[in-house]
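A closer look at the structure
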Amino acid sequence: MALLCLNSCNTDEFDLDKLSDKVNWQPDVMVPVMKSDWRLFDLVNQDSTIFRVDEENLIRVIYREDSLVNIVVNDLFEVQDGQELMNESLDFDVLKIPDIHKADIIALTEFLKNIGGVYSTLDLDHKTTVTLPDYATSGNLGEYDLSIADLLEKATFAKGILKIDITNNTPVAMQPLFDLIFDGEDREQLDFGMIEPQQTITKEYDLSGRTVNSTLKFRLVKFSTPGSKKAVAVDGNTAVKLGVTISGGRITAGILNVTEDSKLKKSKNATVKLDDQIKLQRLKLKSGTMDYSVYSEFKNDVIVRFILPSAKVGDKVFYKDVFVGSKAKAEGTWDISDVDIDLGTVANKPYNKLPISYEVTIADGSNKFIFDSSEKVRLSLLLNEPKIEYAQGNFGKQQIKIKRDEIDIDMDFWDDIKGDFKIQNPELRFKIKSSAGVPGLLKLNLEASNKEGEVQKLNAQPQMVPYPVDLRESPLIGEVVYDNSNSDIVRIVSLPPSGKVEYDGILEINPEDNDDMNNFMSHESAILVDFEIDMPLVIQTNNLGVDERIGLTGSEFEKVTKAELVINYENEIPMDVEVKIGLLGEEDVVLEEISPDVLPAATVDKQGNAAGSTVGSIRIELTDDQLIKLKNSEAIGLVVRIKSAKGGDIPVRLLADYLLKLNVVVEASLDFTN
């Protein structure tokens, strides 16, 4: 293969002492045609950067091209800029209020005084023993107020349970009948039946649709007692105990005293918009903002707190407080840089979901919360310029197109190749540096051509691209190799590829896509593909070589009467060398072709290395016809062909320091009489 770089020689450099001495006639003159010593590595264009000598002294053709393919995270997906996470009115249908527990004691003296009749005449200022008569009466027998003003001034209930307890601590049974006045004319009659001494009776009432004032009024409208059959001890300090509990209260309107629990709460699961096949469980943003707009219809100044319950900065839950004046609007920007978001907390769809919660509280300085469920909070959230720091989830089955492009392999030496040859075990490598946790299947289309326009396709089998399975081993460096087992790289090299090399293809992400895929990428993640072709010069050939043209003037041989062509050689290359000499006339028309014997190859060991050089001479006596043609020649054409021993069936290794010595002379007798 190295012979393709032969050059014409300067005849002044020939050492005539080294010419063959095997002569059976005495020439009058020796005319040197060519002579040179070649080391194999010198012959393969030492100035080229594609030739290397490996540690075994084997010549290799290596060509590299960096960044043939560069896939970054945004080639797989991106979080859409300017997407609206939310734009809605929050309807707070009800306000949950804390449970209310109140109790009051009605002193017996007051109770009996209001009843009137015989009971109003009893002297109960001191303990006494008396027989109490039976008694019954009705009318306005007194009002007893139970205040809940520490919680609310007025409230209309959507739901709630009113529980009233009455305990009889007197020594006689009684049956009181109360009207419970909620608001204005709205009242509920409370009939507890007969209450025995020391007995407690409880009644429950549904507050749905009722309006309750800050004071619950219990108006006694009927009373009866069977009295006592005998004298009983009576103490004016004994009492009737009245207790009230409101539980599960939800109101639709009202005026409440502000407490720590006076909060309106609402939540929503916003969807982060990605390509349909992307299912992210985790997303960490390097930078980004949310533009918010909040309009409150409430009569109070409020603070609206946006909470991202599944998002954290460090170990803290991420939220934003926005002050909004009475019936006013607030706008601003929320910096969400460095936020780490769990998008997989929604059970029925554990991906791409960003839970957002809201709390509306009364701003500092207000002590009354004027609530009306018809009043709304209108808000919107807009995601701007999100830059991904890290993403994890299922990136889906995607196809990334590798655009058609051309590789200049810089192998112009192929232009000088003549004949058929085959390089053993060439490899086309794609060096992969991947910091993206995504499996990929490379489907490569590559074809090469020679100067004659013949085209050969690589016919490469799809190959899996190495990738890191977790962040700890990122970036992972590996390679995809095409050789004679999975492609037609041998045929491409044998063209040879002295024309164009073009490629395109597809990188199929997650080729076996399933819900269990756990891909990851960071903002620095990329899949970098570098190209390399490696051809160890282990050659099998039966007709490979170079052509040389050596100019001369045929008149130089005008007085020659007899001539012999002598070829002296020493061959360390483990390949046969065939030399053909052509006598060329005008326009390089071949007048005569002379074919000496083949110069034998150096012997080869079992590893394909040369074991010893061959040395010899070949003499060819020119016929009279050939001599005439020599005299009419304008040049001598030298055709050198190398071929593997035994007809090209044995591959040999071309080492850098193999030597080929070759000189060609014409020994001639002259006619000095003319």
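1. Some thoughts on the environment of Asp 93
Positionally, Asp 93 belongs in the loop between β4 (84-91) and β5 (95-96). Linking Asp 93 and Arg 250, residues 157 residues apart in sequence, is a C-alpha distance of 9.1 Å.

2. Observations concerning unusual backbone geometry
Residue Pro 475 follows Ser 474 across a cis peptide bond; omega there is 0 degrees. Within the secondary structure, Pro 475 is located in the loop between β32 (463-465) and β33 (476-482). Phi is positive for Glu 385, which is not a glycine, with a value near 45 degrees. Tracing the sequence through the fold places Glu 385 in strand β26 (residues 376-394).

3. A short note on the confidence of the model for the protein chain
In the predicted model, the protein chain carries a mean pLDDT of 81, and 85% of its residues have values of at least 70. Looking at the elements of the protein chain, mean pLDDT is at its lowest for helix α6 (residues 645-648), recorded as 56, and at its highest for strand β22 (residues 329-335), recorded as 96. A low-confidence stretch, residues 1-25 (pLDDT under 50), is modelled with 64 contacts involving residues beyond four sequence positions or located in other chains.

4. Side note on the side chain of Glu 667
Mapping Glu 667 onto the fold places it in strand β47 (residues 659-670). Among the residues examined, Glu 667 registers a relative accessible area of 0% and is labelled buried. Polar side-chain contacts of Glu 667 include one of 2.5 Å to the side chain of Arg 619.

5. Points about the pairing of strand β35 (residues 519-522)
Of the two faces of β35, the one lined by Asn 519 and Met 521 and the one lined by Phe 520 and Ser 522 are each fully buried. One ladder, built from four bridges, connects β26 with β35; its direction is antiparallel. Within the sheet, the bridge partner assigned to Tyr 390 lies in β35 and is Ser 522.

6. Concerning helix α5 (residues 624-631)
Of the positions making up α5, those classed as buried are Gln 626, Leu 627 and Leu 630. Looking straight down α5, one finds its buried side chains confined to an arc of 100 degrees; they lie on one side. On its buried face, α5 is in contact with β39 (560-571), β40 (576-584), β41 (590-594) and β44 (614-621).

7. Remarks on the pattern of salt bridges
It is possible for side chains of opposite charge to pair when their charged atoms get near one another. Here the structure, examined in full by the defined rule, presents 27 salt bridges. A salt bridge links Lys 376 to Asp 91; the nearest nitrogen and oxygen atoms lie 2.8 Å apart. One end of the pair, Lys 376, is in strand β26; the other, Asp 91, is in strand β4, with 285 residues separating them in the sequence. Among the residues examined, Lys 376 registers a relative accessible area of 24% and is labelled partly exposed. Counted as one network, the salt bridges with shared partners bring together Arg 404, Glu 447, Lys 457, Lys 500, Glu 502 and Asp 504.

8. Remarks on the pairing of strand β19 (residues 279-296)
Each regular strand carries side chains that alternate between the two faces of the sheet. Relative to β26, β19 runs antiparallel, the two being bridged by 15 bridges. Note on β26: the bridge partner recorded for Thr 289 is Asn 384. As paired strands, β19 and strand β23 (residues 340-342) are joined by three bridges and run antiparallel to one another. Of the residues in β23, the one forming a bridge with Arg 282 is Asp 342. Relative to β22, β19 runs antiparallel, the two being bridged by seven bridges. If you follow Thr 289 over to β22, its bridge partner there is Asp 335.

Rules behind the numbers
Residues numbered from 1 in each chain as written. Predicted model: local features only at pLDDT ≥ 70, side-chain atom pairs only at ≥ 80, totals over all residues. Heavy atoms only, no water. Helix = DSSP H or I, 4+ residues; strand = E, 2+ residues; numbered from the N terminus. pLDDT = per-residue confidence, 0-100. Contact = heavy atoms within 4.5 Å. Buried < 20%, exposed > 50% of the residue type's maximum accessible area, 1.4 Å probe, protein only. Polar contact = N/O pair within 3.5 Å; in protein donor to acceptor, adjacent residues only side chain to side chain. Pairing = 2+ DSSP bridges. Arc of directions from axis to C-beta. Salt bridge = Lys/Arg side-chain N within 4 Å of Asp/Glu carboxyl O.

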